[in-house]
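Fold and contact review
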Amino acid sequence: MSGNEFLQSGGHLPGKVRSNDDAHFITPARLPLIGAFGCGAGRVLHMVLLVLGALIVAALLHSSPASALSPDEQLKNQTLEHRARELSAELRCLVCQNQSIDDSDAPLAKDLRRIVRERIVAGDTNTQVKTFLVERYGDFVLLKPPFNLHTLLLWLTPALVLGATLLYVVPAMRRSARPLSETAGGEGAGSDATRLSAQEEARLAELMMERDAALPATITAPGPPAKQ
Amino acid sequence: MIIEFGHFALVLAVLVAFLQTAVPAYGAYRTDSRFMDFGASAAVSQFFLIAIAFVALTHAYIVSDFSVANVVANSHSTKPLIYRISGVWGNHEGSMLLWILIVALFGAAVALFGSNLPATLKAYVLSVQGAIGLAFGLFIIFTSNPFERLDPAPFDGRGLNPILQDPALAFHPPFLYAGYVGFSMAFSFAIAALIEGRTDAAWARWVRPWTLAAWMCLTLGIAMGSWWAYYELGWGGWWFWDPVENASFMPWLAGTALLHSALVMEKREALKVWTILLAILTFSLSLMGAFLVRSGVLTSVHAFAVDPERGTFILGIMFLFIGGALVLFALRAGELRQGGIFSPISREGSLVLNNILLTVGCATVLVGTLYPLGLEAMTGDKISVGAPFFNMTYVPLMLPLLFAMPFGPFLAWKRGDLLGVAQRLSVAALVGIVVMVGIAANVQRGPWLAPFAIGLGAFVMTGAVWEIAYRAKVGNASLPEVWRRARNLPRSVYGTTLAHFGVGLAVIGIAATSAYRVETIVALKQGESVETAGYTLTFKDSTQGRGPNYKEDTVILDVTRGGEHVTTLTPSKRLYDAPPQPTTEAGILASWRGDLYSVVGDAQDGGGYAFRVYFNPLVRFIWLGALIMFIGGGISLSDRRLRVGAPVRGRRKQVAAA
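Right, let's walk through the structure included here. (Residues numbered from 1 in each chain as written. Chains lettered and ligands numbered in written order. Predicted model: local features only at pLDDT ≥ 70, side-chain atom pairs only at ≥ 80, totals over all residues.)

Counting its regular elements, chain A contains 8 helices and 0 strands. Starting at the N terminus and walking to the C terminus, you meet the elements of chain A as α-α-α-α-α-α-α-α. Here chain A holds 228 residues, and the buried ones make up 42% of them. Summarising the internal contacts of chain A: among those between residues at least 6 apart in sequence, 56% fall at separations of at least 24. (Helix = DSSP H or I, 4+ residues; strand = E, 2+ residues; numbered from the N terminus. Buried ≥ 20, exposed ≤ 12 C-beta atoms within 10 Å, placed from the backbone. Contact = placed C-beta atoms within 7 Å.)

Rendered as structure tokens:
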């Protein structure tokens, strides 16, 4: 996203962009949303808008949409540059919220882009470049977290939830696939409190009747036979 | 004075909300219609009181009353009228007022149109709706009051962020909120059903239109936000898997699932327990979205700790409603009678599959969004979960869903014939395969998944249209007969077809623009050109000018294609006066093939500017698809069978005819 600061190239907004060292504490007190640094302003505002207003943020920071990667940063070698771009998209700008270094115009992101290109030119593989950055900045720099003990649950969530749902649904399907006579009354017999009154039954019948009347002929609808 | 009037109305509305919560519930408990009837009047009064408060605040914005702190912080006397109005909900306090206005609107709608609802059900629904209004009303009064005054009043306001001064954005929050809050109806009905211990087809018939309306608004709201981000933020992206985006996407996924499961419940009385749970979860996700965005917890745990008041309050609301609802669900769900049975291969079965995949997708987004927060709180480790994670986990879940989509409407209820349906869909499948092979053969770059996804989109679109053709017996009957059949198909069938068609279209747009986007970053001096995606862009000239409230550097790019002049693009950079903030205005050439998108960057040493030029193939399909989904929902909503109160009117008509 956003990229650079057009009119304020360099992006140094005093007090807004902090160094990486205090990345944990970048949010000024009372600023309700994060990302109050030069880098993500456009993005931050987008988020704010999604659910709320942006005034507070706007007042506190002078955001600017921008273009991140500038022409002079690019490598001459197209293949290497392509690799650098792909890698950059997977690396987080540490002082931004959820923004890759490829998109960010923060000075830190620019430094990281330069480091990535230097390592690639020096002959590092993609994995080596990532390892190099993780050693310095921790897993936080990776937008796709590594698979380890701490992220086990994260990565397994889709499989676990899918498995749990199937474990519940498949037996239920089996049960309901049995003929009517076996199941009717089993789960269904409710207490008096759950049974419909005669009046309610009548209303329901009306509703069903109307629906049957409106249904296309190709669908056979269940329900009480329509009164002629 | 008007402000005090609004303030007073708001406080009064909260008191009414309290009564609306307590009295009808008591009445329903005692089966005393005097107390139950009170709910309807309370709901209508609450709506009018909040409307007064809202109008009072809007008035302060329109006349630029800078003795109101909220107006000072968010408005400026030189802003155009539309942005002074949209400024009302362009900030925290005002947007919360809009939130409870919509809650009250839905409550009033039940009160006014719910005459055919069973009395106790209606009373409980109004009571729950009142409780939601009460909780957020208290939140506004105690932590986010928009009616606070400033003394002395400043001469002018601080202005609205210029990138928010945009028509698409002016209406983005109201639609989004109507969606979020609209799901509160399904929630209230679910709670009422659990308290009463029963549901029936009439219950689902009532819940479905409300859910559909909320879903439509949310669809449009999300699409508007995405479209705005695309053309305004200046780098041509349209979705970033940002936590705040996810906060709106999760209720959409759950709401989509709810829409489909409510269908099964209405037609077949099956999936009752699941539908109720989904109704609870959908609104819970809306509440969680509000918490995530409002509390600052997304920023960092530190931000939350620094200013915990609002966050803690919303967290309390969240625990009360979600926790209370789930406890009630655990206690009472067993009493709900399970209805119709069906074989796995059936319309119901296909809708169950839809629900499974949407739920798993939603859970994936949820865990991905919250995991970094939880991990940091528990271990202190900081990790990032960004777009690459979601693309890798969420996207594969949606592919089988898309594949199954055309099958659903063709399958019969109870027991379907999969082979028969597959035969009927063979033409659609053929179209999909031809598209896929055509793209794979002609486009050599990009991931292998892209042709597959585009083919899938074509299959979904053709399959949707094919359903209408099949039902109208196109090719199997005379033309007048086809016409008669097509006219007699219920509108909801057309609604489904359109919505599914829109999904297919959006999928094609997403896949094409993600995989085949062309990007060029280049420095150009005056007179130089760059070629991209068959276009040649020449930097003709640059001018400096002034708009009403900004300075502007505009670059004139001449666009030619095959030697012929196509258009002139004028990307620019602006610096606004108040607040002093730079923005970029992209120069976009829109076409059916895709968008040529140009942004001007920094001035270069030695003259000229940096440029980014993109070609985003078929990118408009994404928002066009969302718009078609919205229209499909509207057509479905206009189906007489879905309309609120239809049974009564229908009966009258029958009587009259006889």
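Attention now moves to the nonpolar core. Membership of the largest hydrophobic core comes to 230 residues, with the highest contact counts inside it found for Ala186, Phe189 and Ala279 of chain B. Among the elements that line this core, the one with the most residues is helix H9 (residues 201–232) of chain B, at 20 residues. Split by domain, this core shows at least three residues from each of two domains, domain 1 (1–160) and domain 2 (165–414) of chain B. If near-sequence neighbours (up to four positions away) are discounted, alanine 186 of chain B is found in contact with Val207, Trp210, Thr211, Leu258, Ala279, Thr282 and Phe283 of chain B. Counting 23 residues, the second-largest nonpolar core is a separate cluster that includes Leu69 of chain A together with Ile521, Val599 and Phe611 of chain B. (Core = buried A, V, L, I, M, F, W, Y, C linked by C-beta atoms within 7 Å. Domains from an automatic or database assignment.)

This next bit is on helix H3 (residues 78–89) of chain A. All names here are of chain A. Here H3 spans 17 Å end to end across 12 residues, near enough to the 16 Å set by a 1.5 Å rise per residue. Looking at H3, one finds that the buried residues are Ala84, Leu87 and Ser88. In an axial view of H3, the angular spread of the buried residues amounts to 100°, which keeps them on one side of the axis. Pointing more than 90 degrees away from the buried face of H3 are the exposed residues Gln78, Thr79, His82 and Glu86. Buried residues along H3 sit in contact with helix H4 (107–121) and helix H5 (126–137). (Expected span 1.5 Å × (residues − 1). Arc of directions from axis to C-beta.)

Residue and element names in this part refer to chain B. As for its placement among the helices and strands, serine 492 is situated in helix H21 (residues 491–516). Taking the C-beta count within 10 Å as the criterion, serine 492 has 21 such neighbours and is therefore assigned buried. The sequence separation of serine 492 and leucine 411 amounts to 81 residues, and the corresponding C-alpha distance is 16 Å.

Quick look at the environment of asparagine 91 of chain B now. Residues and elements named next belong to chain B. With respect to the secondary-structure elements, asparagine 91 resides in the loop between helix H4 (81–86) and helix H5 (92–113). Owing to 28 C-beta atoms within 10 Å, asparagine 91 belongs among the buried residues under this scheme. For the pair asparagine 91 and asparagine 74, spaced 17 residues apart in the sequence, the C-alpha separation amounts to 7.0 Å.

This part covers the packing of helix H1 (residues 2–30) of chain B against helix H2 (residues 33–62) of chain B. Residue and element names in this part refer to chain B. Contact pair H1 / H2: the axes reach a minimum separation of 7 Å and the direction vectors enclose 160°. Looking at the two axes, H1 sits roughly antiparallel to H2. Remark: the crossing between H1 and H2 carries left-handed chirality. For the contact of H1 with H2, the residue count by class is 26 nonpolar, 8 polar and 2 charged. (Axes fitted to C-alpha atoms, helices over the stretch in contact; angles between N-to-C directions. Parallel < 35°, antiparallel > 145°, perpendicular 65-115°, else oblique. Left-handed = near helix turned anticlockwise from the far one by under 90°. Nonpolar A, V, L, I, M, F, W, Y, C, P; charged D, E, K, R; others polar.)

Glancing now at unusual backbone geometry. Most peptide bonds adopt trans geometry, and most residues besides glycine take a negative phi value. All names here are of chain B. Residues aspartate 151 and proline 152 are joined by a peptide bond in cis, for which omega reads 0°. Here proline 152 lies in the loop between helix H6 (119–143) and helix H7 (167–170). Its identity as a non-glycine residue notwithstanding, threonine 31 has a phi of 50°, on the positive side. In this structure, threonine 31 sits in the loop between H1 and H2. We classify threonine 31 as exposed; it has 11 C-beta atoms within 10 Å. Of note, leucine 271 is a non-glycine position whose phi angle comes to about 55°, a positive value. Here leucine 271 is to be found in the loop between helix H10 (243–268) and helix H11 (272–295).

Our focus in this paragraph is the sheet that holds strand S9 (residues 594–603) of chain B. Pairing between sheet strands relies on hydrogen bonds along the backbone, with the strands arranged either parallel or antiparallel. All names here are of chain B. Strand order in the open sheet formed by 4 strands is S1-S10-S9-S8, with antiparallel pairing between adjacent strands. The strands lining the two open edges of the sheet, one partner per strand, are strand S1 (518–524) and strand S8 (587–590). Here the average twist between neighbouring strands, direction ignored, is 15°. The pairing of S1 with strand S10 (residues 609–617) spans 7 bridges and is classified as antiparallel. Among the inter-strand pairings, valine 522 is bridged to a residue of S10, identified as phenylalanine 611. (Pairing = 2+ DSSP bridges.)

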